[in-house]
Amino acid sequence: MRLDGKTAIVTGGAMGIGQAIARGYAAEGASVVIADLKGAEGAAGELTRGGATALGVDADVTSERDMHAMVEAAVDAFGGVDVLVNNAGIYASLTPGPFEDIDAEEWRQVMDANVLGPFLAARAVVPAMRRAGGGRIINMASGTPFKGVPYLLHYTSSKGAVVAFTRALAKELGGDDVLVNAIAPGFTLSDGVEANPVQIEKLRDISRSARTLQRDQFPEDIVGAAIFFASDDSTFITGQSLLVDGGAYFN
């Protein structure tokens, strides 16, 4: 029960990595707010039926109004926000290919979800964390910018921005005792990825063979790192990016 008494918001928490983190937080005693474009209430209801305390909020991370409403709902329901997990983003629907084939609209969509989204969510939640005397922001980055993965230039660039965002925001919020860290997963067999046969065909085998631990990666493999950064085990760690990829890249 390392998160007993804490309230955590998980964006994109209705499925995949976000859902696994939400379940992990609930198992550790946290009250969990699941925010997503769809399915948030259903995912929260599943946790509630299992004995956890959870709330589902329909929200678009690219909407400033939605992010403020998300935080207000968490504060109204649970009295504050201790942890924000910026997990929502665009990846599973993307088709790997040359950068010349990426049109400007798709580039903007990826940047809005993956970079603007964490910014808006952080800006909405930090006042509540300051009032409480501190908090945790955990950003979902990726191993791709560390390795320079080709054929997903917009995604790789967006996650490189998340790493930089994490470092700079950690500097700004250190005096408020708001710790900001990132988790950088490898290629993960989430629900969305498994529904994209092109990604499975092009990325699964090469990702697995590049790992020191040569097996598939699943959303549950990321939960331990998310709990660590949210718990008292990491009270003197900020501005860091932890690669969780089975040893594909050593940082």
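Here, the structure is the one placed above.
Reference entry: report on the structure contained in this document. Quick caveat, the model's predicted, so the values are computed rather than measured.

Here we take up helix H8 (residues 197–209). Helical geometry: 3.6 residues make up each α-helical turn, so side chains three or four residues apart lie on a common side. Across its 13 residues, H8 extends 19 Å between first and last C-alpha, which sits within 8% of the 18 Å expected from 1.5 Å per residue. Residues of H8 that are buried: Gln199, Leu203 and Ser207. Buried residues along H8 sit against helix H7 (191–194).

The next thing to look at is the packing of aromatic side chains. Applying the stated criterion across every chain, the model contains three aromatic pairs. Here Tyr91 and Tyr155 contribute two aromatic rings whose centre-to-centre distance is 4.5 Å and whose plane-to-plane angle is 45 degrees, an arrangement assigned as tilted. Here Tyr91 is found in the loop between strand S4 (83–86) and helix H4 (104–132), whereas its partner Tyr155 is found in helix H6 (residues 153–173), with 64 residues between them in sequence. Take Tyr91 and Tyr155: they sit in the same class, and that class is buried.

Relative to each other, helix H3 (residues 64–78) and H4 sit at 35 degrees, their axes nearing to 8 Å. Relative to H4, H3 is oriented so that their crossing is right-handed. Facing H3, whose interface residues are Glu64, Met67, His68, Met70, Val71 and Val75, H4 presents Leu120, Ala121, Arg123, Ala124, Val125 and Ala128. Here the residues of the contact of H3 with H4 sort into nine nonpolar, one polar and two charged.

In this section: the nonpolar core. Ile21, Tyr25, Val32, Leu47, Val85, Ile138 and Ile183 are the most contacted members of the largest nonpolar core, which has 32 residues in total. Elements that contribute at least two residues to this core include exactly strand S1 (7–11), helix H1 (16–27), strand S2 (31–36), helix H2 (40–49), S4, strand S5 (135–140) and helix H9 (220–230). For this core, the element with the most residues is H9, which contributes seven residues. Leave out the neighbours within four places in its chain, and Leu47 touches Ala22, Arg23, Ala26, Val32, Ile34, Ala52 and Ala54. Met70, Val71, Leu84 and Leu173 belong to the second-largest nonpolar core, a separate cluster that totals 27 residues.

So, about the packing of H1 against H9. For any two helices packed against each other, one specifies the crossing angle of their axes together with the interaxial distance. Taken N-terminus to C-terminus, the directions of H1 and H9 make an angle of 55 degrees; their axes are 9 Å apart at the nearest point. The orientation of H1 relative to H9 falls into the category oblique. Note on packing geometry: the crossing formed by H1 with H9 is right-handed. Here H1 contributes Ile17, Ala20, Ile21, Gly24 and Tyr25 to the contact with H9, which in turn contributes Glu220, Ile222, Val223, Ala226, Ile227 and Ala230.

About the thresholds
- Residues numbered from 1 in each chain as written.
- Predicted model: local features only at pLDDT ≥ 70, side-chain atom pairs only at ≥ 80, totals over all residues.
- Heavy atoms only, no water.
- Helix = DSSP H or I, 4+ residues; strand = E, 2+ residues; numbered from the N terminus.
- Expected span 1.5 Å × (residues − 1).
- Buried < 20%, exposed > 50% of the residue type's maximum accessible area, 1.4 Å probe, protein only.
- Contact = heavy atoms within 4.5 Å.
- Phe/Tyr/Trp six-rings, centres within 6.5 Å; stacked < 30°, edge-to-face > 60°.
- Axes fitted to C-alpha atoms, helices over the stretch in contact; angles between N-to-C directions.
- Left-handed = near helix turned anticlockwise from the far one by under 90°.
- Nonpolar A, V, L, I, M, F, W, Y, C, P; charged D, E, K, R; others polar.
- Core = buried A, V, L, I, M, F, W, Y, C linked by side-chain atoms within 4.5 Å.
- Parallel < 35°, antiparallel > 145°, perpendicular 65-115°, else oblique.

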